[in-house]
Amino acid sequence: VWDELVTTDVEGATHFYSEVVGWEAHDMDMGNNVIYTVFSSGGADRAGCIRQPKGAEGTPPAWLTYLGTDDVDGTLEKAKSLGTTTVYMEPMDVPTVGRLAVFADPAGAAVGLFHPDAQ
């Protein structure tokens, strides 16, 4: 339901995707000195971009796909019961956005879970 680029160079990524696929970008202040860049085209939001968090140095920039679910917590527990051993981000609420979590599947691929806030 959503794709997000985690990168050390938000400005470079914004320029690149603007030139390559014609995305426009606008920033959202998420508080705590966190700026989230939203890529859009044709009036619709297409993806997001965020600066790599402290503590993740050495991790290469990467795209993360969020899968939609009605129950982030329950879906993460189900993933754990089926072999997930690494949880990168426990379920959390992002005000005005929704609830999300990030884990690694049994093969090591990062997967995001997302349920939007009721608007």
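Please refer to the structure placed before this passage.
Residues numbered from 1 in each chain as written. Predicted model: local features only at pLDDT ≥ 70, side-chain atom pairs only at ≥ 80, totals over all residues. Heavy atoms only, no water.

Participant: So what about the pairing of strand β4 (residues 44-51)? Which residues, and what values?
Facilitator: By the bridge criterion, four bridges tie strand β1 (residues 2-7) to β4 in an arrangement that is parallel. Across the sheet, the residue bridging to leucine 5 is cysteine 49, located in β4. Where strand β3 (residues 35-41) lies against β4, six bridges are found, and the strand directions are antiparallel. What sits directly across from threonine 37, in β4, is cysteine 49. (Pairing = 2+ DSSP bridges. Helix = DSSP H or I, 4+ residues; strand = E, 2+ residues; numbered from the N terminus.)

Participant: A description of the layout of surface pockets should follow, citing residues and the corresponding values.
Facilitator: Roughly 1400 Å³ of volume is contained in the largest pocket. Lining of the largest pocket is provided by 41 residues; of these, Glu4, Val6, Tyr36, Ile50 and Tyr66 occupy positions nearest its centre. Sorting elements by how many residues they give to the lining of the largest pocket places strand β6 (residues 87-94) first, with five residues. Residue composition of the lining of the largest pocket, by class: 27 nonpolar, seven polar and seven charged. (1 Å grid on protein atoms, 1.4 Å probe; cavity = no way out; pocket = protein on both sides within 12 Å on 5 of 7 lines; lining within 4 Å. Points joined across faces, edges and corners; volume = space filled by probe spheres on them. Nonpolar A, V, L, I, M, F, W, Y, C, P; charged D, E, K, R; others polar.)

Participant: Give a description of the packing of aromatic side chains that names residues and reports values.
Facilitator: Scanning the model with the defined rule gives six aromatic pairs in all. Residues tyrosine 17 and tryptophan 63 carry aromatic rings whose centres are separated by 5.5 Å and whose planes lie at 85° to one another, so their mutual orientation is edge-to-face. Residue tyrosine 17 is found in helix α1 (residues 10-21), and its partner tryptophan 63 is found in strand β5 (residues 62-68); the two are separated by 46 residues along the sequence. Residue tryptophan 63 is classed as partly exposed on the basis of its relative accessible area of 37%. Here tryptophan 23 and tryptophan 63 contribute two aromatic rings whose centre-to-centre distance is 6.4 Å and whose plane-to-plane angle is 70°, an arrangement assigned as edge-to-face. Of this pair, tryptophan 23 sits in the loop between α1 and β2 (24-29) while tryptophan 63 sits in strand β5, and the two are 40 residues apart along the sequence. Using a relative accessible area of 19% as the deciding quantity, one classes tryptophan 23 as buried. Among the aromatic residues, those joined into a cluster by ring pairs are Phe16, Tyr17, Trp23, Phe39 and Trp63. (Phe/Tyr/Trp six-rings, centres within 6.5 Å; stacked < 30°, edge-to-face > 60°. Buried < 20%, exposed > 50% of the residue type's maximum accessible area, 1.4 Å probe, protein only.)

Participant: Break down a nonpolar patch on the surface for me, with residues and values.
Facilitator: Together, Phe16, Val20 and Val21 give the surface a local cluster of nonpolar side chains, amounting to about 270 Å² of exposed area. Within the element layout of this structure, valine 21 appears in helix α1. Using a relative accessible area of 47% as the deciding quantity, one classes valine 21 as partly exposed. (Patch = residues over 30% accessible without salt bridge, like charges linked within 9 Å, V, L, I, M, F, W, Y side chains within 5 Å. Areas by Shrake-Rupley, 256 points an atom, 1.4 Å probe, with all protein chains shown as cover. Salt bridge = Lys/Arg side-chain N within 4 Å of Asp/Glu carboxyl O.)

Participant: For the pattern of salt bridges, give the residues involved together with the corresponding values.
Facilitator: By the definition in use, this model includes four salt bridges. As a salt-bridge pair, aspartate 73 and arginine 99 come within 2.6 Å of each other at their nearest N and O atoms. Of the two residues, aspartate 73 sits in helix α2 (residues 72-81) while arginine 99 sits in strand β7 (residues 98-104), which places them 26 residues apart along the sequence. Salt-bridge contacts for aspartate 93 lead to arginine 99; the nearest nitrogen and oxygen are separated by 3.0 Å. Overall, the relative accessible area of 23% leaves arginine 99 in the partly exposed class.

Participant: Can you lay out the sheet that holds β6 for me, pointing to particular residues and giving the numbers?
Facilitator: The eight strands are arranged β2-β3-β4-β1-β5-β8-β7-β6 in an open sheet whose pairing can be described as mixed. Two strands close off the open sheet at either side, each with one partner strand: β2 and β6. When the angles between neighbouring strand axes are averaged without regard to direction, this sheet yields 25°. Here β7 runs beside strand β8 (residues 110-116); their pairing, made up of seven bridges, is antiparallel. The partner of leucine 100 across the bridge, within β8, is phenylalanine 114. (Axes fitted to C-alpha atoms, helices over the stretch in contact; angles between N-to-C directions.)

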